[in-house]
Each structure stands twice: as structure tokens, then as C-alpha cells.
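Take a look at the letters that make up each chain.
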Amino acid sequence: MGFISLSIYSSMDYICILTLCLLPSRHGWAEAMASIRSPHVKYICPHAPIMPVSLNMNMSMPSWFDIIGLSPDAQEDDAGIKQAAENIKALIDQEVKNGIPSHRIILGGFSQGGALSLYTALTSNQKLAGVVALSCWLPLRTSFPQAAASCTNKEVPVLQCHGESDPLVPLMFGSMTSEKLKTIVNPANIHFKTYPGLAHSSCNQEMTDVKQFIEKQLPPC
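These numbers were taken from a predicted model, which means no experiment stands behind them.

## A few points about the pairing of strand β9 (residues 190-195)
- Pairing of strand β8 (residues 158-163) with β9 involves 6 bridges; the strand directions are parallel. In the strand pairing of β9, C161 is matched with K193.
- Taken together, β8, helix α4 (residues 171-181) and β9 form a β-α-β motif whose crossover is right-handed.

## A few points about the packing of helix α2 (residues 78-97) against helix α3 (residues 112-122)
- The geometry of α2 relative to α3 is characterised by a closest axis approach of 9 Å and an angle of 75° between their N-to-C directions. By the angle class used here, α2 and α3 are roughly perpendicular. Taken together, the residues of α3 that come into contact with α2 (itself represented by I81, K82, A84, A85, I88 and K89) are L116, Y119 and T120.

## Here we look at the nonpolar core
- If you look at the biggest cluster of nonpolar residues, it comprises 39 residues, and the most contacted ones within it are F65 and L118.
- Considering every element that reaches this core, the biggest residue donor is α3, with 6 residues.
- Those residues in contact with F65 that sit more than four places away from it in its chain are M51, D77, G80, I81, A84, Q112, L116 and W137.
- Ranked by size, the runner-up nonpolar core spans 17 residues in total, among them M33, I106, L159 and F213.

## Brief notes about α4
- If you check which residues of α4 are buried, you get F173, G174, T177, S178 and L181. Along α4, the residues classed as buried sweep out an arc of 135° about the axis, all on the same side.

## A short note on the confidence of the model for the protein
- On average, residues of the protein score 82 in pLDDT, and 82% of them are at 70 or above.
- Contacts for the low-pLDDT stretch residues 1-16, under 50 throughout, to residues beyond four places or in other chains number 87 contacts.
- The low-confidence segment residues 18-25 (pLDDT under 50) makes 50 contacts with residues lying over four places distant or belonging to another chain.

## Let's talk about the pattern of salt bridges
- Applying the stated criterion across every chain yields a total of 3 salt bridges.
- K82 is the partner of D78 in a salt bridge, and the nearest nitrogen-oxygen pair spans 3.1 Å. Of this pair, D78 and K82 both sit in helix α2, 4 residues apart, which is roughly one turn of that helix.
- A salt bridge links E86 to K89; the nearest nitrogen and oxygen atoms lie 3.3 Å apart. Here E86 pairs with K89, and both are found in helix α2, just 3 residues apart, close to one helical turn.

## Overview of the environment of S102
- With respect to the secondary-structure elements, S102 resides in the loop between α2 and β6 (105-110).
- Using a relative accessible area of 11% as the deciding quantity, one classes S102 as buried.
- Placed 23 residues apart in sequence, S102 and N125 show a C-alpha to C-alpha distance of 9.9 Å.
- Setting aside residues no more than four positions away along its own chain, S102 makes contact with V96, Q126, K127, L128 and A129.

Calculation notes
Residues numbered from 1 in each chain as written. Predicted model: local features only at pLDDT ≥ 70, side-chain atom pairs only at ≥ 80, totals over all residues. Heavy atoms only, no water. Pairing = 2+ DSSP bridges. Helix = DSSP H or I, 4+ residues; strand = E, 2+ residues; numbered from the N terminus. Right-handed = clockwise from strand over helix to strand, strands pointing away. Axes fitted to C-alpha atoms, helices over the stretch in contact; angles between N-to-C directions. Parallel < 35°, antiparallel > 145°, perpendicular 65-115°, else oblique. Contact = heavy atoms within 4.5 Å. Core = buried A, V, L, I, M, F, W, Y, C linked by side-chain atoms within 4.5 Å. Buried < 20%, exposed > 50% of the residue type's maximum accessible area, 1.4 Å probe, protein only. Arc of directions from axis to C-beta. pLDDT = per-residue confidence, 0-100. Salt bridge = Lys/Arg side-chain N within 4 Å of Asp/Glu carboxyl O.

Dropping the structure here:
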């Protein structure tokens, strides 16, 4: 499976969404996003770098940072996560320089991409419109809330979605992340939705929920 990221922006409404995701293919993610497209939204797709991934027997694959294990106490790629977050912050800064206000930017993603979206938003000094976190976790969670002490996104709306039958990133991870987020962000802004029978994937209802969240946070100008 590969990691990709997308950003969505509108030259008409100055809307920008950065989405980081993990899906079997770019085509698969494009199909998932097709159901929530708005006519004024355009997608830009920068790639995650190719690197050895410990969980993948050190074989190289597209990945934002190394994944050493998937247990709650697994070692994390501290330097890699922080560097990946800086790379995404640079993309946001560039969009702002291009004239898109940061408060019209949503970070979002699936799996590793969702994890990176959460970490980036909570350590960013740019005020964002929201975060979409699908089937993921909060990286370096033990460093919070210290890492977010100067964060400007303590009021950022977060839509967190998780499949109840996810074998790769168990629902427990999503629940733990939701509770942790409530200690960092205004709890009223954390929206955690679960989907019965859904594995490490997406579904129509989840995409509908994502669409409604985006439309609420980024209404047409």
C-alpha cells in the first residue's frame, strides 16, 4: 500500500484542503473522494517520500515516516514524524503565500496520513479550518499537551472516523486518540464517529460525514 497526499484548493473561493492518506492506490483514493467533490474544489497530489519502513521488513515504500510497530507502546520515529510535519507546514505556508488564508485550510487523511494531519495541526502556528482524521492515531502522544503549548489550533474542529472492525489500527487506538485530543483541543470540537463492520478502509457513510464536515467548515464564499 502506498501513502499519498492531496491538497484541495479553489481559485474562486480560496479554499484549500490538504489530505494525507494511505490507500491501496491513488485510483482508490480518487474514487473515495469523488463522492465528496465540490465544483469549486481542485486537487493537488504531492507524494510521500520513498523510504525503508520497519513494519514492512525494512523494504522501501512511500511513507511519511517510519512505522516501527502498531502496538500502543511501540517505539515511534520521533525525528521522522517531526520532519514530515515540517514538510506539511511548508506546504501550508506556500498556499498562504499564494493567497489562500490558512483559516480556509483543512488538513486530513487516512491511516498514517491522518496521524500526520493531527500532529501537524496541533503543532502548527497557522490557524486552520479543521482536521479530518480517518482510521488513525495521534503520533508522539506522550509529548502532548506540551508540544501543543503554543499551538493556535486549540479550537480547531476535528472529525475523527474509525471502523469498528479495523484489524490494522484497532478501534481502541481511535478511542484513545479521541480522549487524548479532548485534553488538547476544546472537547466540544472533537467529533468521533465509528462505523460497524468497517475494517481499515472507508465507506459511503464515512464519506458523507466527511463531506458534511468540509461543507460546514468551508462554506462557499
